[in-house]
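So the chains spell out like this:
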Protein chains: 2
Amino acid sequence: MIMEFMDELRFLKEQLKFNEKVDVPPGASEVVIAGMGGSGIAGKIFQELFTEFKVHLVDNYAVPKFVSKSTLFIAISFSGNTEETISAASQAARAGAHMVTISSGGALSEMGDQNIKIPRNDIQPRSATGYMLIPLLKGFDVISKSEINESYGLLDQLDKNNEECKIHAKNISKKSLIPVIYGSPPLCSIAYRWKTQFNENAKVIAYSNSFPELNHNDTMAIAQTYRKDEFYFLVFGSDSGKIKKRINVTEKITESNFNVIKPKGHGQIPRMFYMLHYGDYVSYHLGMLRKVNPTDISLIEKLKKEIK
Amino acid sequence: MIMEFMDELRFLKEQLKFNEKVDVPPGASEVVIAGMGGSGIAGKIFQELFTEFKVHLVDNYAVPKFVSKSTLFIAISFSGNTEETISAASQAARAGAHMVTISSGGALSEMGDQNIKIPRNDIQPRSATGYMLIPLLKGFDVISKSEINESYGLLDQLDKNNEECKIHAKNISKKSLIPVIYGSPPLCSIAYRWKTQFNENAKVIAYSNSFPELNHNDTMAIAQTYRKDEFYFLVFGSDSGKIKKRINVTEKITESNFNVIKPKGHGQIPRMFYMLHYGDYVSYHLGMLRKVNPTDISLIEKLKKEIK
């Protein structure tokens, strides 16, 4: 039985209690994290939050040539059967890397020196971000109990009241607009996550970019592009004075209308979870308004079969 | 006097002859490359081509916390005055990193243990990719004489005949379409480069993604999105059997029309230069057809002043 998608979203906060963690071997000189799509986002978030260690990402069949015995290689696939991730993990194993897998089963779940098993619970991979991210955050001591508690509270707030998210979805839906999501450090990975959630939950094209990089390219375009009134700009608020100024000046000189969403929470991690979940709800509501099924990813399944 | 933009494009091949190179200190354990926009693309390309070494990118004010005395830090800014890059370089210097700068002057040009000076030649930063990339490729022995020669020949071919690029530009311009660029390894950075060139040269919104990652998100969207006939898909051909299959199956099951562009050249590097330059011309022609000035980036300059 497939869980209702709304129940999947409400289930994210429970995943914060997941108690498995990556065992970091003492000699590791760098971390390489492989994962695709909904299973890849955990690595992207972790890389942005945790910069004490060298963290590299793989979203492809092959691993970088520097992977060696001193590499901690973490392969993440919800199903445990993602073609690209298994290929990358096999290559890393041949190079002698220390292997940790995070999956609910499948071929991957037996490939590691450590295999972290996550509950399947009949949810979509992209609804299991907590299960895939928590073992990284706990393994490297990046998250505290109080941050988990604050995150839980913020997610619960959104689960109970996401009317604001629905308003954005209505604005987008009314004129069939194309969502453009602008993040900034340390939430660039979350801006990308929103793009992918719009793609999968609402089945609309969307794209993301981040300040300050977008001031070096998108800026000219959003000022002078054709079809300008077809885009809906969702911009993450920032505490950085420099980024705030960039947001304000960019909106003004490009004569655009930015919908700025202010992150709630104190620490980086609670704010990250809040913004992640906010995007879940905007894309979910847009899917509902478009009368598409958020859980339907039949074409991705079809593609996987056809390329075999 | 400002060079005509067409002359700027034709000037790329000459930059292959640039003879400066990064001196790699013997003890370096990783490379961190900082750069924004048109000066950031060199690092992105290098990271994708050269994976023997750990290469990290910075497109922000701050550097990762792991930066230390054993880091080779390469700061790239055409003007030498980019706010973000100078901030990142200062942080890296405080952490004791070995510093190499690549710039045509400005404050950055005096901050390095090695300062590589590139000719200004009155071109846009994004037209100086050769100057910024060659010192990396030569410093790490990634490029051979024969690859330089082949690259020169391919760029020269495009300079003499870019009618095919113009046809794509006409197709896009006729219906005011939104370019969507799909790359795949090792040309994901080039797909992003195309996006930024569309933004700056043609002043249109565009976005890029890459196989196989896009099969985990964009796929559902391009099949079922609204406004589907408003997008123009530019897809890089691949020699990988797996990627080829993904391209074909994705086009079929999403009922999209992919314009596949086959890279010319033998080695990875000549193919990369060919594809990079192909995108230069598509975006240039689109700018001409839209009657915008490709060299005009006045808004970006205005923004830089206003945020000071």
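Predicted, not measured: the structure shown is a model, and the values here were computed from it.

I keep staring at the packing of helix α3 (residues 37-49) of chain A against helix α8 (residues 188-202) of chain A and nothing clicks. Help me out?
In a pair of packed helices, the angle between the axes and the distance between the axes together describe the arrangement. All names here are of chain A. Relative orientation of the contacting elements α3 and α8 amounts to 160°, with a least axis distance of 8 Å. Judged by the angle between their axes, α3 and α8 are roughly antiparallel. Taken together, the residues of α8 that come into contact with α3 (itself represented by Ile41, Lys44, Ile45 and Glu48) are Cys188, Ser189, Ile190, Tyr192 and Arg193. Residue classes in the contact of α3 with α8 are distributed as 5 nonpolar, 1 polar and 3 charged.

Where do I start with the pattern of salt bridges in this structure?
Should the charged atoms of two oppositely charged side chains come close, the side chains can pair. Applying the stated rule across the entire model yields 33 salt bridges over all chains. In this structure, B:Glu52 engages A:Lys65 in a salt bridge whose closest nitrogen and oxygen atoms are separated by 3.6 Å. With B:Glu52 in the loop between α3 (37-49) and β2 (55-58) and A:Lys65 in the loop between β2 (55-58) and β3 (71-76), the pair connects residues from two separate chains. The class of B:Glu52 is partly exposed, set by a relative accessible area of 42%. Put simply, A:Lys13, A:Asp156, A:Asp159 and A:Lys160 are held in one network by salt bridges that share partners.

Would you mind showing me how to read helix α11 (residues 268-289) of chain A here?
Residue and element names in this part refer to chain A. A rise of 1.5 Å per residue sets the reference length of α11, with its 22 residues, at 32 Å; its end C-alpha atoms lie 32 Å apart and thus fit the reference within 8%. With 19 of 22 residues buried, α11 lies mostly within the body of the structure. Lys291 occupies a position one or two residues after α11 and carries a positive phi of about 60°.

It is not clear to me how empty space enclosed by the protein should be interpreted in this structure. Could you clarify?
Over the atoms, a rolled probe matching the size of one water molecule traces out where space is still vacant. Applying the stated rule across the entire model yields 4 cavities of 30 Å³ or more. Of the volumes computed, that of the largest cavity is approximately 60 Å³. Every residue along the wall of the largest cavity is listed here: A:Gly37, A:Gly38, A:Ile41, A:Arg126, A:Tyr192, A:Arg193, A:Thr196, A:Gln197, A:Glu200, B:Glu213 and B:Asn217. Elements that contribute at least two residues to the lining of the largest cavity include exactly α3 and α8 of chain A. With 5 residues, the single largest contributor to the lining of the largest cavity is α8(A). Its residues assigned to classes, the lining of the largest cavity shows 2 nonpolar, 5 polar and 4 charged.

What is the right way to read the relation of the copies chain B and chain A from this model?
Each copy of the sequence occupies a distinct position, and chain B is placed on chain A by a rotation of 180° and an axial shift of 0.0 Å, giving an RMSD of 0.0 Å. With respect to symmetry, the two chain copies, as superposed, fit the operation of a two-fold axis. Rotation axis and chain B: the residue whose C-alpha lies nearest the axis is B:Tyr207, separated from it by 3.3 Å. Interface overlap between copies: 100% of the residues of chain B at the interface are likewise at the interface in chain A, consistent with a symmetric, same-surface contact.

Which parts of the structure should I look at to understand the confidence of the model for chain A?
Chain-level statistics for chain A give a pLDDT mean of 96 and a share of 99% at 70 or above. ipTM for the predicted complex: 0.96, alongside a pTM of 0.97.

Can you walk me through the interface of chain B and chain A in this structure?
Where interface size is given, it is often the accessible area lost as the parts come together that is meant. Between chain B and chain A, the contact holds 77 residues from the first and 77 residues from the second. Here chain B packs against chain A, burying approximately 6,900 Å² in sum over the two surfaces, 61% of which is carbon and sulfur. It is B:Ile205, B:Met220 and B:Tyr226 in chain B that bury the most area against chain A; as a group they hold 12% of the surface buried on that side. Taken together, the links from chain B to chain A amount to 16 salt bridges. Counting the contacts that link chain B with chain A gives 39 residue pairs in polar contact (both at pLDDT 80 or more). When its residues are assigned to classes, the side of chain B that touches chain A shows 33 nonpolar, 18 polar and 26 charged.

What's the story with the packing of helix α7 (residues 163-174) of chain B against helix α11 (residues 268-289) of chain B in this structure? I'm lost.
Residues and elements named next belong to chain B. Where α7 meets α11, the closest approach of the two axes is 8 Å, and the angle between their N-to-C directions is 45°. When the axis of α7 is compared with that of α11, the two are oblique. When you trace α7 past α11, the crossing you get is right-handed. Across the interface between the two elements, Glu164, Cys165, Lys166, His168, Ala169, Lys170, Ile172 and Ser173 from α7 touch Tyr278, Tyr281, Val282, His285, Leu286 and Leu289 from α11. Residue classes in the contact of α7 with α11 are distributed as 8 nonpolar, 3 polar and 3 charged.

Looking at this structure, how should I read helix α6 (residues 145-160) of chain B?
Residues and elements named next belong to chain B. Counted at 1.5 Å a residue, the expected span for α6 with its 16 residues is 22 Å, and the 23 Å between its end C-alpha atoms agrees. Of all the positions in α6, only Glu147, Ile148, Ser151, Leu154, Leu155, Asp156, Leu158 and Asp159 are classed as buried. Looking at the buried side of α6, the elements it contacts are α1 (5-10), α2 (12-15), α5 (129-139), α7 and α11.

What should I look at first to understand the pairing of strand β7 (residues 207-210) of chain B in this one?
Regular strands place their side chains on alternate faces of the sheet. All names here are of chain B. Where strand β6 (residues 178-183) meets β7, 4 bridges bridge the pair, whose relative direction is parallel. In the sheet register, Val180 faces β7, and the bridge partner there is Tyr207. For the handedness criterion, the β-α-β arrangement of β6, helix α8 (residues 188-202) and β7 is classed as right-handed.

Help me understand the sheet that holds strand β9 (residues 258-261) of chain B, please; the structure alone is not making it clear to me.
All names here are of chain B. The sheet built from 4 strands is open, its strands ordered β7-β6-β8-β9 with parallel pairing. Here the strands that pair on one side only, and so sit at the sheet edges, are β7 and β9. Neighbouring strand axes in the sheet, compared pairwise and without regard to direction, differ in orientation by 25° on average. Each of β8 (231-236) and β9 touches helix α10 (residues 241-253); the most contacted strand, β9, lies at about 160° to it.

Help me understand the pairing of strand β4 (residues 98-103) of chain B in this model?
All names here are of chain B. With 5 of 6 residues buried, β4 is to be regarded as a mostly interior element. Pairing between strand β3 (residues 71-76) and β4: 5 bridges, direction parallel. Bridging across to β4, Ala75 finds its partner in Thr101. Running through helix α4 (residues 83-94), the crossover from β3 to the neighbouring parallel element β4 is right-handed. Relative to strand β5 (residues 114-117), β4 runs parallel, the two sharing 4 bridges. Looking at β5, one finds that Val100 is bridged to Gln114.

Criteria and cut-off values
Residues numbered from 1 in each chain as written. Chains lettered and ligands numbered in written order. Predicted model: local features only at pLDDT ≥ 70, side-chain atom pairs only at ≥ 80, totals over all residues. Heavy atoms only, no water. Axes fitted to C-alpha atoms, helices over the stretch in contact; angles between N-to-C directions. Helix = DSSP H or I, 4+ residues; strand = E, 2+ residues; numbered from the N terminus. Parallel < 35°, antiparallel > 145°, perpendicular 65-115°, else oblique. Contact = heavy atoms within 4.5 Å. Nonpolar A, V, L, I, M, F, W, Y, C, P; charged D, E, K, R; others polar. Salt bridge = Lys/Arg side-chain N within 4 Å of Asp/Glu carboxyl O. Buried < 20%, exposed > 50% of the residue type's maximum accessible area, 1.4 Å probe, protein only. Expected span 1.5 Å × (residues − 1). 1 Å grid on protein atoms, 1.4 Å probe; cavity = no way out; pocket = protein on both sides within 12 Å on 5 of 7 lines; lining within 4 Å. Points joined across faces, edges and corners; volume = space filled by probe spheres on them. Least-squares fit on C-alpha atoms with pLDDT ≥ 70 in both. pLDDT = per-residue confidence, 0-100. Buried area = accessible area lost by both parts, 1.4 Å probe. Polar contact = N/O pair within 3.5 Å; in protein donor to acceptor, adjacent residues only side chain to side chain. Left-handed = near helix turned anticlockwise from the far one by under 90°. Pairing = 2+ DSSP bridges. Right-handed = clockwise from strand over helix to strand, strands pointing away.

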